[in-house]
Amino acid sequence: SPTATTCPPLRTSAAALSDRYVLERQVGAGGMATVYLARDLRHKRLVALKVVRPELGGREGVERFLREIEVAARLQHPHILPVFDSGVIDDGAGSPVPYFVMPYVEGETLRQLLKREGRLPVDAATTIAVEVADALAYAHAKGVMHRDIKPENILLSGGHAVVADFG
């Protein structure tokens, strides 16, 4: 796993965020952003910090990512991953790089569970489906469509499902 001393994008982000967050390692990457496990220095907790990918740092990529932050921050539901904090850092070359901070969910994605277990027991599958459907119904009532619901965007922790990635 990359560290602040071996990965230039992580090193740049880590330096820009060092007064508030210490980036530990990369935990995920998608089409628009990279997610890092970080320590929140102010609240002394682990968080997930999502940073727009440098190659998407153009105006359109930044605007899309900022919309994701705005949408996610509006959704307050027990089965939707909340936003703790957000901001914009400089990429070292004068370009804005937006980020946002979410809880670090200890557990796994539904995809990881399905790969490990194969078919789920009916009661477990029903619980997950009901919680995801409840989260999506709430988002829809707020005028928000997920548009990328898939097992990778359903986090499982403590026996409950949490929907992530409303980008």
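These figures come from a predicted structure and were not determined experimentally.

Below, the discussion takes up the side chain of D40. Structurally, D40 is set in strand 2 (residues 33-40). Owing to a relative accessible area of 2%, D40 belongs among the buried residues under this scheme.

Let us now look at the sheet that holds strand 8 (residues 160-163). Taken in spatial order, the three strands line up as 6-7-8 in an open sheet, and their pairing is antiparallel. Edge positions in the sheet fall to strand 6 (108-109) and strand 8, since each of these pairs with one other strand and no more. The sheet strands contacting helix 4 (residues 122-141) are strand 7 (154-157) and strand 8, and the helix crosses strand 8 at an angle near 35°.

Moving on, we get to unusual backbone geometry. The phi dihedral of K44 falls on the positive side, at around 50°, and the residue is not glycine. Relative to the assigned elements, K44 resides in the loop between strand 2 and strand 3 (45-52). Under the relative-accessibility criterion, K44 is labelled exposed at 73%. Positive phi values are uncommon outside glycine, yet R147 reaches one of about 70°. Residue position: R147 is located in the loop between helix 4 and strand 7. For R147, a relative accessible area of 78% puts it in the exposed group.

Overall, antiparallel pairing links the five strands, which are arranged 1-2-3-5-4 in an open sheet. Of all strands in the sheet, those with a lone pairing partner are strand 1 (21-29) and strand 4 (85-90), marking the two edges. When strand polarity is set aside, the average angle formed by the axes of neighbouring strands in this sheet is 30°. Relative to strand 5 (residues 96-103), strand 3 is paired through five bridges, and the arrangement is antiparallel. The partner of L49 across the bridge, within strand 5, is V101. Sitting on the sheet, helix 2 (residues 59-74) is in contact with strand 2, strand 3, strand 4 and strand 5, with an inclination near 25° to strand 5.

This paragraph deals with the confidence of the model for the chain. Do not read the fine detail of predicted coordinates wherever pLDDT is low. Looking at the chain as a whole, the pLDDT averages 86, with 88% of positions reaching at least 70. Considering only residues more than four positions removed or in separate chains, one finds that residues 1-8, a stretch of pLDDT under 50, has twelve contacts.

Pairing of strand 1 with strand 2 involves seven bridges; the strand directions are antiparallel. Residue pairing across strands places G28 opposite V35, the latter belonging to strand 2. Here strand 1 folds back onto strand 2 in antiparallel fashion, the turn holding three residues.

Moving on, we get to the pairing of strand 7. Note: strand 6 against strand 7, two bridges, orientation antiparallel. Within strand 7, the residue paired with T109 across the bridge is L155. Here four bridges tie strand 7 to strand 8, and the two strands are oriented antiparallel to one another. In the strand pairing of strand 8, S157 is matched with H160. In sequence, strand 7 turns back onto strand 8 through a hairpin of two residues, with G158 there showing a positive phi of about 60°.

Rules and cut-offs
Residues numbered from 1 in each chain as written. Predicted model: local features only at pLDDT ≥ 70, side-chain atom pairs only at ≥ 80, totals over all residues. Heavy atoms only, no water. Helix = DSSP H or I, 4+ residues; strand = E, 2+ residues; numbered from the N terminus. Buried < 20%, exposed > 50% of the residue type's maximum accessible area, 1.4 Å probe, protein only. Pairing = 2+ DSSP bridges. Contact = heavy atoms within 4.5 Å. Axes fitted to C-alpha atoms, helices over the stretch in contact; angles between N-to-C directions. pLDDT = per-residue confidence, 0-100.

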